[in-house]
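# Overview (structure and organization)
Given next are the chains, with one letter for each unit.
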Number of protein chains: 2
Amino acid sequence: MRTVCRADRAVRGRRTDSRGAHRPRVASVATMVRIALAQVDPCVGDVDANADLVLEWATRAAREGADLVLFPEMVLTGYPIEDLALRDSFARAADGALRRVVDGLAAQGLGDLVVVLGTLGRSTRPGLEGRPTNRAVVVRGGEVVATYDKHHLPNYGVFDEYRIFVPGDAPCVVEVGPDHARRRAGVVVCEDIWVDGGPLPPMGDADLLLVLNGSPYEEGKVGVRQELAARRAAEAGAAVAYVNLVGGQDDLVFDGGSFVVGADGTLLARAPQFVEHLLLWDLPDDGTAPARGRVAPVLEPDEEVYRAVVTGLAGYVRKNGFRSVVLGLSGGIDSALVAAMAADAIGGENVVGVSMPSRHSSEHSEDDAADLAKRLGLDYRVQPIEPMVQAFHGELDLPGVAGENLQARVRGMILMGISNVEGHLVLATGNKSELAVGYSTIYGDAVGGFAPIKDVDKSRVWALARWRNEAAIAAGDIPPIPESSITKPPSAELAPGQKDTDSLPPYHLLDQVLDAYVEHAEGRDELLARGFDPEVVDRVLALVDRAEWKRRQYPPGPKVTALAFGRDRRLPVTNRWREPKGDPR
Amino acid sequence: MRTVCRADRAVRGRRTDSRGAHRPRVASVATMVRIALAQVDPCVGDVDANADLVLEWATRAAREGADLVLFPEMVLTGYPIEDLALRDSFARAADGALRRVVDGLAAQGLGDLVVVLGTLGRSTRPGLEGRPTNRAVVVRGGEVVATYDKHHLPNYGVFDEYRIFVPGDAPCVVEVGPDHARRRAGVVVCEDIWVDGGPLPPMGDADLLLVLNGSPYEEGKVGVRQELAARRAAEAGAAVAYVNLVGGQDDLVFDGGSFVVGADGTLLARAPQFVEHLLLWDLPDDGTAPARGRVAPVLEPDEEVYRAVVTGLAGYVRKNGFRSVVLGLSGGIDSALVAAMAADAIGGENVVGVSMPSRHSSEHSEDDAADLAKRLGLDYRVQPIEPMVQAFHGELDLPGVAGENLQARVRGMILMGISNVEGHLVLATGNKSELAVGYSTIYGDAVGGFAPIKDVDKSRVWALARWRNEAAIAAGDIPPIPESSITKPPSAELAPGQKDTDSLPPYHLLDQVLDAYVEHAEGRDELLARGFDPEVVDRVLALVDRAEWKRRQYPPGPKVTALAFGRDRRLPVTNRWREPKGDPR
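This structure is a prediction, so every number in the text was calculated from the model and none was measured.

Take the sheet that holds strand 8 (residues 208–213) of chain A next. All names here are of chain A. Taken together, six strands build an open sheet; the order of strands is 6-7-8-9-12-13 and the sheet is mixed. In the strand order of this sheet, the two ends are held by strand 6 (173–176) and strand 13 (267–270), each with one partner. Put simply, the sheet's adjacent strands are angled 20 degrees from each other on average, direction ignored. With four bridges joining them, strand 6 and strand 7 (residues 183–189) adopt antiparallel strand pairing. Bridge pairing in strand 7 links Val174 to Ala185. Along the sheet, helix 5 (residues 221–236) makes contact with strand 9 (239–244), strand 12 (259–261) and strand 13, crossing strand 12 at roughly 40 degrees.

All told, the structure shown has 84 salt bridges over all chains when counted by the stated rule. With its nearest N and O atoms 3.0 Å apart, the salt bridge here joins Asp334 of chain B to Lys458 of chain B. One end of the pair, Asp334 of chain B, is in helix 7 (residues 333–346); the other, Lys458 of chain B, is in helix 12 (residues 458–474), and 124 residues separate them in sequence. This pair shows no difference in class: Asp334 of chain B is buried, exactly as Lys458 of chain B is. Here Arg551 of chain B ties to Glu548 of chain B by a salt bridge, and the two come within 2.9 Å at their closest N and O atoms. One end of the pair is Arg551 of chain B and the other is Glu548 of chain B, both in helix 17 (residues 548–552) and three residues apart, which spans about a single turn. Across the pair, exposure class does not vary: Arg551 of chain B and Glu548 of chain B are buried alike. Salt bridges linked by common partners bring Asp160 and Arg570 of chain A together with Asp160 and Arg570 of chain B together as one network.

Now for the packing of aromatic side chains. Enumeration according to the criterion identifies 18 aromatic pairs over all chains in this entry. Summarising the aromatic geometry, the rings of Phe90 of chain A and Trp577 of chain B are spaced 4.9 Å apart at their centres and angled 90 degrees between planes, so their arrangement reads as edge-to-face. Here Trp577 of chain B lies in the segment after helix 17 and Phe90 of chain A lies in helix 3 (residues 88–107), a pairing that spans two chains. Phe90 of chain A sits in the buried class, given a relative accessible area of 0%. Taking relative accessible area as the criterion, Trp577 of chain B reaches 4% and is therefore assigned buried. Ring geometry for Tyr156 of chain A and Phe159 of chain A: centres 5.6 Å apart, planes at 75 degrees, overall edge-to-face. With relative accessibility at 40%, the residue Tyr156 of chain A sits in the partly exposed group. Overall, the relative accessible area of 12% leaves Phe159 of chain A in the buried class. When the ring centre of Trp57 of chain A is taken as reference, the NZ or CZ atom of Arg60 of chain A above it lies at 4.2 Å. Just above the ring of Trp462 of chain B sits the side chain of Lys458 of chain B; from NZ or CZ to the centre is 5.5 Å.

Each value, and the rule that gives it
Residues numbered from 1 in each chain as written. Chains lettered and ligands numbered in written order. Predicted model: local features only at pLDDT ≥ 70, side-chain atom pairs only at ≥ 80, totals over all residues. Heavy atoms only, no water. Pairing = 2+ DSSP bridges. Helix = DSSP H or I, 4+ residues; strand = E, 2+ residues; numbered from the N terminus. Axes fitted to C-alpha atoms, helices over the stretch in contact; angles between N-to-C directions. Contact = heavy atoms within 4.5 Å. Salt bridge = Lys/Arg side-chain N within 4 Å of Asp/Glu carboxyl O. Buried < 20%, exposed > 50% of the residue type's maximum accessible area, 1.4 Å probe, protein only. Phe/Tyr/Trp six-rings, centres within 6.5 Å; stacked < 30°, edge-to-face > 60°. Lys NZ or Arg CZ within 6 Å of the ring centre and 35° of its normal.

Structure follows, in structure tokens:
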């Protein structure tokens, strides 16, 4: 395999003009080039299964009459692979998976189909020979006819590509379509179009730009991607076919939403988000107006975030070999929302909900938990914590907050015990507001293998719960979340009459301050300039800064905002920096 | 401030040839240039305190007759600062700290002293204006006379500098010494000398190369650094003055060990490791043989690793505002070693050791724990776990491993409870072998804010314990660790008659496999080629791969090997990659 793009081979590699057996095309579109975008959900590390996934979807594309099928970034290895990229044995396995695809296409009589896919490559650049690259590969006629190594390696936010890859420096343009209607397609990978002056084909050099992506979801990103693609389409004078991964991978969710924009920036086709999908689009003859394909509607923001979390959760469960989850049900809104999401992800019958009342639990809490479990069809259990709590109090003096933490930790131990015996994945139900200010008990309510709403702030938790209920009503179903879980004042119920607002500012205010400080990384001065009360600002900032150690030990959960805790926001634990009061500019 | 090096200003900035008041120099060395390497321990984020630390050590250097004092990489901000580099408010504070140094030197009459130090800079390169840089600053005569931005940004292993900095591209050479004996000194930062063809001054251009470092400890690194510096000295035809940070910062330990090598590669002076130190060395006149300064001995490997851990632990405790620690004492070797390290770090009287016997604890375990506590002068307590364990068993059915985990989790809860009430930092006592294969209970023995021996494998744990005892005997002290804790077969004592070897290969074998698979990232084939039993290899690799989720939630602890778990080895949790059996090459 060579890294240099071999467009000439791609042309010569086209042996005949004959059509595949399953190619139902009408004569009037015979000179169009049919493009298929295969929005699929591979699993990191599962290279042979990913190769089979590619073969399966390539076959589907051929059946739909496609001349070319485009797969996402690193579809053969899964994405992101982190330091697996540095292992020789893994690189050899990726090579083997590519052979499996090439041979499998030939064996299935799909030699004429052009297949473009992403995988782990090895650089051939002088001085960088053999080092890993993020590669696009073009397969046709039973061989690799061109390769392209990603030029721009993102190394910000959640990305560490400069750590594991070396960049390519050669462009790639391949020819596609029948001999009498050849069209030229440029190939680039994800970040390459996010950088101004990136490696686009010069104006007039290509009719189509193929972009392989592993673009993680965050709210509002669909619009940003389309605007960007429209800009690059105008720069290259070519339509842009943008294919994205779909599915959950640790703390990332890929939302799919693959699309095609014309050279004039018009949206011509779009796949739905959060599902595997084969999007078809016909590149017309020169001078012919491009056909508009199917354009899936954009989701409303609350639905989009909700489905992103469900996708992340479902992916984590399935790809890690779990079939069920367990979580504590307090009767409060956070655990109710997570339970509803879990039921949507894997079915209510695979969700164990445990009510763990204490002497401080109100009656409505138990009722609301039971009501929720019934609505969702959960495997519902009640396990009072008092006997264990009293056993600790009998041996140790644990007053105040220590006693509150004790209750949360007994609950965590119960969930872990059930998980150890029955094999369920434990879900932590903390939200982003709590995680930000450390309003949780480490080894207590923070236990779990996955934390679905860790990037959803409390204000959004309410909004998602309301959206989910409304969606159920619109569909004629029973709303899953009891109304009183949504409307009652939040309380940890670890002390008599306790309310969250005893310790924290009201959530609508807290979440605004957090949005400015955490997601927009504003300093104290900027916060005050926005009109926030200095006392609130100082209190919130101090809480956030001091909670870093807790966040380090928190389970992973899906990023849905522009800046999530975790790999997106990396700060030392040992860190005496505090936003100065009276910052000297 | 400008990024371009202004060596001409450095010359003009030298106003007089008069000496500082505290400069006790003899006439015979008047034309030598005295260099001081200030090996200091700043704290990340504590910019004003770090500025004061620089002023204090600059004053000491002047008192010792130094013409130039060299501080480590990013001494003003602490290192590594991670995403703090991206905050405007932090960058402004770093600027303020630099002003504090410049003004403070002038106010103390140290205007003639050349001070070279590291801090956060802002690029002036076209297209990169204002973006953060890893900067060296040269101060003299009450002003910044030159700046240098690190060219090579490490982005592998524990380093993420490409994420937060942009590189510089201008060299920096400044003049130092009295007017009649001016010498030229090049300035570079850490990674710049690790890259072949890095920005060294051309042969003959400088008499001295000043290297500012934040080089984390790992075993054997002292020798590697010195060989490298000797090579660069030969290439530049100049002596190399290498100053390093000292102290703990989260999962890194800086060992100091600053040194000077002559142009011929000879080691001329070396500071001791793991302590703050001012190393003095006189750059002789041209043509004069360089003087040999004080050369601190290199530590024996076990002592070096032991002291690295103690330094990391002491730094974490102090810089995070703790005064004491608490840990469980099982009578086994891991907790005994950690207790001894903690006593060495902060004094035995500040260490709470809790024996938490169960029905499965052997009598010798309690005796050994008590004996250890007495030898170390710990605050020793005994808290049986049976009442809490029975309370759980009375409510839940937790057989087998679930029951074993329960015991470990009750112990974790006891330690957290004591910590919550009394304010101690909880130490996790797991070693690297256990962490590798997941032989620990999450939320049980894995609880803690810091895990001192997480990068020390079991074989090394025994070696360090033996070394510590022998060192005590050599010093005429009581050996801190009971002999039976060292010699008895390892057991978690969570089930009757349990031994670690029931679940794991013998540690001497396990540790060899782990060394090859984890630290040297070898594949299964390489392991088999080394002659390991395939069954052992497959078992160990499967355990390591499946334990990633546990490691993610483990507390930080000091890196002492070439490859530590954590930021040094980044792998997905969701990861179906398993080393193939019969890897096709």
